[in-house]
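Below, each chain spelled out in residue letters.
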Amino acid sequence: MGKMVIKFQGKVISESDLKLGDTKIGRKPTCDIVLDDPAVSGEHAVVKTVGVKSTIQDLGSKNGTYIENQRVKQHELRNGETIIIGGYALTYRDVVNLDAPVFGQRAAAPVASSTAHARTTEILEPFGHLFAVEGKDKGKRFPLVKDVLTLENPGKNPARITRTSNGYLIEASIGAGEPRLNDKPVPPGGHLLEDGDMVEVAGTKFQFFK
C-alpha cells in the first residue's frame, strides 16, 4: 500500500498511510485526511485501495480534483503523481519492486542472497511542477518534464526554466514587463527555484513545487 505526502504552500506538513478500502479526503474532521481550506469540500475525494492499486475518485466537489493540469473524476494513481485539492498538493508514494524490470530500463543482474525472497525497493522522485494560482491558467498544473521550459511573455522578455543537476534554474532578462520571482526581478545569472517560490509571467502567477 502507498501513502500521501501532503504539502501546503510548498512545505511538507504531514504524511498519511493509505489503508485497504476507502481513505476519505476533505475538510470535515471525520475524513481520514483533513485539509483545512475553504476551497476543499467537506468530503472532497476518496482514495480506494484494492491490493497494491489505489484509485482516487472525486466526490462531486465544487472546485475539483486535479492530476497534472487535468481535472479528474476518477484516476488510478501512479508513484510520484501529485493530486491538487484546493491549496494542497498530495504526492502519492508507492514502493517499487525492482525484481521486475521497469519500462525503459534494463533489469539489474541478480544478486546472491541468503534470503530466498529478499527484495530491493526504491522510491521514485517526481519531476518538479508549476501550479497556476492566478491568471488565465488558474488551477492548472504544469509538470517540468522537459529539460527547458519557456514561459512566453508576448512582446516582452520571457522566462526560461532549465532542469539542471542542482535543480530547476529560472532565468529572465530585465526590462519592461519583466518576469518576477517572489515579487522581485529574476536575479542576473538566474536563481535555483525552491519549494513555494512564486513566478509571475504575463499576468499569470505560478507556484513552484518539487
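Computed from a predicted model, the values in this text were never measured in an experiment.

(A) Up close: the overall build of the protein chain. Each helix and strand in the protein chain was counted, giving 0 helices and 23 strands. Among the 210 residues that make up the protein chain, the fraction classed as buried is 39%. Here the analysis covers contacts within the protein chain between residues at least 6 apart in sequence; of these, 38% occur between residues at least 24 apart. Surface accessibility of the protein chain: about 12,300 Å² in total, with carbon and sulfur atoms responsible for 51%.

(B) Structural view of the sheet that holds strand S21 (residues 191–192). Read from one edge of the open sheet, 4 strands run S16-S17-S18-S21, paired in antiparallel fashion. Two strands in the sheet have a free side with no partner beyond their single neighbour: strand S16 (148–151) and S21. Where S16 meets strand S17 (residues 159–164), 4 bridges bridge the pair, whose relative direction is antiparallel. The residue of S17 that forms the bridge with leucine 149 is isoleucine 161.

(C) Spatial organisation of unusual backbone geometry. At aspartate 183, a residue that is not glycine, the phi angle is positive and equals roughly 65 degrees. Here aspartate 183 is to be found in the loop between strand S19 (180–181) and strand S20 (184–185). Note on aspartate 183: relative accessible area 52%, which makes it exposed. Despite not being glycine, alanine 202 has its phi angle at roughly 55 degrees, a positive value. Inspection of the secondary structure assignment puts alanine 202 in the loop between strand S22 (198–201) and strand S23 (204–209).

Calculation notes
- Residues numbered from 1 in each chain as written.
- Predicted model: local features only at pLDDT ≥ 70, side-chain atom pairs only at ≥ 80, totals over all residues.
- Heavy atoms only, no water.
- Helix = DSSP H or I, 4+ residues; strand = E, 2+ residues; numbered from the N terminus.
- Buried < 20%, exposed > 50% of the residue type's maximum accessible area, 1.4 Å probe, protein only.
- Contact = heavy atoms within 4.5 Å.
- Areas by Shrake-Rupley, 256 points an atom, 1.4 Å probe, with all protein chains shown as cover.
- Pairing = 2+ DSSP bridges.

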